[in-house]
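Secondary and tertiary structure notes
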Amino acid sequence: MATELDKEGYLIEPAAWNEDIARAMAEEEGIELEPDHWKVFEFMRQYYADNGIAADARFVIRFLASELGYGRSAKARLFELFPYGYVKQACRLAGMKRPRAWSTG
């Protein structure tokens, strides 16, 4: 992967993200991407485009609950998709810069 990453493995420039980058990063993490991953990535990237910052996990949980129909099990679904944490995996695989004010969980 010729894309520039910071020392923690996050994209330096989110605009450089593409599906091939997501697939390569997911493979490194041992994650097999499924349709819900792509929907979460699309939501996160649109949120970033609209707001200039990565979406907080609570916004993604709301998206999973309402838009994807997971209701009360949305938080559990988020951690099924990204078992090592929202910031460590979801933000990284979606091509976000590492959110500096958040923990890595």
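Residues numbered from 1 in each chain as written. Predicted model: local features only at pLDDT ≥ 70, side-chain atom pairs only at ≥ 80, totals over all residues. Heavy atoms only, no water.

Moving on to the packing of helix 1 (residues 19-29) against helix 5 (residues 86-93). In the contact formed by helix 1 and helix 5, the axes pass within 9 Å of each other and the chain directions differ by 150 degrees. Taken together, the axes of helix 1 and helix 5 are roughly antiparallel relative to one another. Where helix 1 approaches helix 5, its residues A22, M25, A26, E28 and E29 are matched on the opposing element by K88, Q89, R92 and L93. A per-class count over the contact of helix 1 with helix 5 returns 4 nonpolar, 1 polar and 4 charged. (Axes fitted to C-alpha atoms, helices over the stretch in contact; angles between N-to-C directions. Helix = DSSP H or I, 4+ residues; strand = E, 2+ residues; numbered from the N terminus. Parallel < 35°, antiparallel > 145°, perpendicular 65-115°, else oblique. Contact = heavy atoms within 4.5 Å. Nonpolar A, V, L, I, M, F, W, Y, C, P; charged D, E, K, R; others polar.)

What follows concerns the nonpolar core. Formed by 28 residues in total, the largest nonpolar core has its most connected members in F41, M44, V60, F82 and Y86. When contributions to this core are tallied by element, the ones reaching two or more residues are helix 1, helix 2 (35-51), helix 3 (57-66), helix 4 (74-81) and helix 5. When residues no more than four places from it in sequence are discounted, the contact partners of F41 are W17, A22, L33, F82, A90, L93 and A94. (Core = buried A, V, L, I, M, F, W, Y, C linked by side-chain atoms within 4.5 Å. Buried < 20%, exposed > 50% of the residue type's maximum accessible area, 1.4 Å probe, protein only.)

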